[in-house]
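# Structural characterization, general
Below, each chain spelled out in residue letters.
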Amino acid sequence: MKAEEAFAKKYLEGQGYQHIIYEPDGQTSPDFSICDRIAVEVRRLNYNRVIRGEVRGVEQDAIPLKRSFEHALSSYGPPDTGQSWFVSYECVGEFPPVLKKGSEKWEQMHRELRAALNSFLSGDWNGCDLDLSCGLRLSIFPASSPHQSKFLMGMTSDSDTGVLLFPELERNIDICIEDKSKTHEKQSGKSNVKFGKYDEWWLLLVDCIGSGFLNRDECKQLAGAVRPRIPWSKIVVVDWRTGRSFVCQ
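This section reports on the structure supplied with the text.

Conventions and cut-offs
Residues numbered from 1 in each chain as written. Predicted model: local features only at pLDDT ≥ 70, side-chain atom pairs only at ≥ 80, totals over all residues. Heavy atoms only, no water. Helix = DSSP H or I, 4+ residues; strand = E, 2+ residues; numbered from the N terminus. Contact = heavy atoms within 4.5 Å. Salt bridge = Lys/Arg side-chain N within 4 Å of Asp/Glu carboxyl O. Buried < 20%, exposed > 50% of the residue type's maximum accessible area, 1.4 Å probe, protein only. Phe/Tyr/Trp six-rings, centres within 6.5 Å; stacked < 30°, edge-to-face > 60°. Lys NZ or Arg CZ within 6 Å of the ring centre and 35° of its normal. Core = buried A, V, L, I, M, F, W, Y, C linked by side-chain atoms within 4.5 Å. Expected span 1.5 Å × (residues − 1). Pairing = 2+ DSSP bridges.

### Side note on the overall build of the protein
- For the protein, the helix and strand inventory stands at five helices and 12 strands.
- A separation threshold of at least 6 residues defines the contact pool for the protein, and within that pool the share at least 24 residues apart is 72%.

### Description of the pattern of salt bridges
- Applying the stated criterion to the full structure yields eight salt bridges.
- With its nearest N and O atoms 3.8 Å apart, the salt bridge here joins arginine 37 to aspartate 199. Taken as a pair, arginine 37 in the loop between strand E2 (32-34) and strand E3 (38-45) and aspartate 199 in the loop between helix H4 (165-187) and strand E10 (200-207) lie far apart in primary sequence, 162 residues in all.
- Given a relative accessible area of 36%, arginine 37 falls into the partly exposed group.
- Aspartate 80 is the salt-bridge partner of lysine 150, the closest N and O atoms lying 3.3 Å from each other. Of this pair, lysine 150 sits in the loop between strand E8 (136-142) and strand E9 (151-157) while aspartate 80 sits in the loop between helix H2 (59-74) and strand E6 (85-91), and the two are 70 residues apart along the sequence.
- Take lysine 150: its relative accessible area is 9%, and that puts it in the buried class.
- Looking at aspartate 80, the relative accessible area reads 63%, which means it is exposed.

### Comments concerning the packing of aromatic side chains
- All chains considered together, the criterion is met by nine aromatic pairs.
- Each ring, one from tyrosine 76 and one from phenylalanine 151, has its centre 5.3 Å from the other, and the planes form 85°; the classification is edge-to-face. A residue pair is termed long-range when its members are at least 10 positions apart, and tyrosine 76 in the loop between H2 and E6 and phenylalanine 151 in strand E9 qualify at 75 residues.
- Owing to a relative accessible area of 2%, phenylalanine 151 belongs among the buried residues under this scheme.
- Over the face of the ring belonging to tryptophan 202 we find lysine 234, whose NZ or CZ atom lies 4.3 Å from the ring centre.

### Remarks on the nonpolar core
- In terms of nonpolar packing, the biggest core is built from 21 residues, with Phe69, Tyr89, Leu117, Leu136 and Leu138 touching the most fellow members.
- Listed by contribution, the elements that provide at least two residues to this core are H2, E6, helix H3 (104-121), E8 and E9.
- In this structure, Leu169, Val193, Phe195 and Leu222 belong to the second largest nonpolar core, which totals 19 residues.

### Focus on unusual backbone geometry
- For the bond running from serine 29 to proline 30, omega is 0°, close enough to zero to count as cis.
- With respect to the element layout, proline 30 can be found in the loop between strand E1 (20-22) and E2.
- The phi torsion at histidine 19 lies on the positive side, around 55°, for a residue other than glycine.
- Relative to the elements of secondary structure, histidine 19 occurs in the loop between helix H1 (3-14) and E1.
- Judged by relative accessible area, histidine 19 falls into the exposed class, the value being 60%.
- Positioned with a positive phi, aspartate 36 is a non-glycine residue whose angle comes to about 60°.

### Here we look at H3
- The terminal C-alpha atoms of H3 lie 26 Å apart, and with 18 residues this matches the ideal 26 Å at 1.5 Å per residue to within 8%.
- Buried within H3 are the following residues: Trp106, Met109, His110, Glu112, Leu113, Ala116, Leu117 and Phe120.
- Once H3 finishes, glycine 123 follows within two positions and takes phi at roughly 90°, a positive value.

### What to know about the pairing of E10
- Counting buried positions along E10 gives seven out of eight residues, so the element sits mostly inside the fold.
- As paired elements, E3 and E10 share eight bridges and run parallel to each other. Counted as the bridge partner of valine 40 is tryptophan 202 from E10.
- Where E10 meets strand E11 (residues 234-239), six bridges bridge the pair, whose relative direction is parallel. Paired with leucine 205 across the bridge in E11 is valine 237.

Encoded structure:
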């Protein structure tokens, strides 16, 4: 059971629903059934973008970017002057990129990062933020005490996640519902999915963005902004931090 599914089960139990069964028809839809009458599908509500028609969670690209960046910094070894430096980056434009090890974008990012760090070490850095053509904006500042590494990972910021909460929630709710609806439609032709067995299909979105931080008026506005969607009889957004929910449909 995935983390979001475990959370969804706990939420449904907390709402007083009885006879909740996980994967009632095996490893296929739905994720849960309630009283053998209601089918419940679960999806993480996360930051997404659509690339050539494919929905990609931002973390799919942000995590390998951060790991690759950290690896490049660690290659410089320990400080040779007793001074360590924090290197921060901000993603600019359509970042984080779709990074695949060995790809041209991967190699470009490493080349430009190494060139920038070498420029800093040689004294050519003018102290301002540096924009790399690969889509990163670098800033370097001194650590208050020496560390085992010359360069350390500082703060990171992604342009896709550094936006106002309300419109980002609205945009990603729409993406996630549409993505799950398309999956549901594709599965309709599979014999192992028993669509006719259930009177209703619900969609439960486990919010990893932050609907729990919205006030009551914002929740009402956001719920009203989501149009009804077939095949879902009910769509619920539940914030995983607070357990707070609001019905979008």
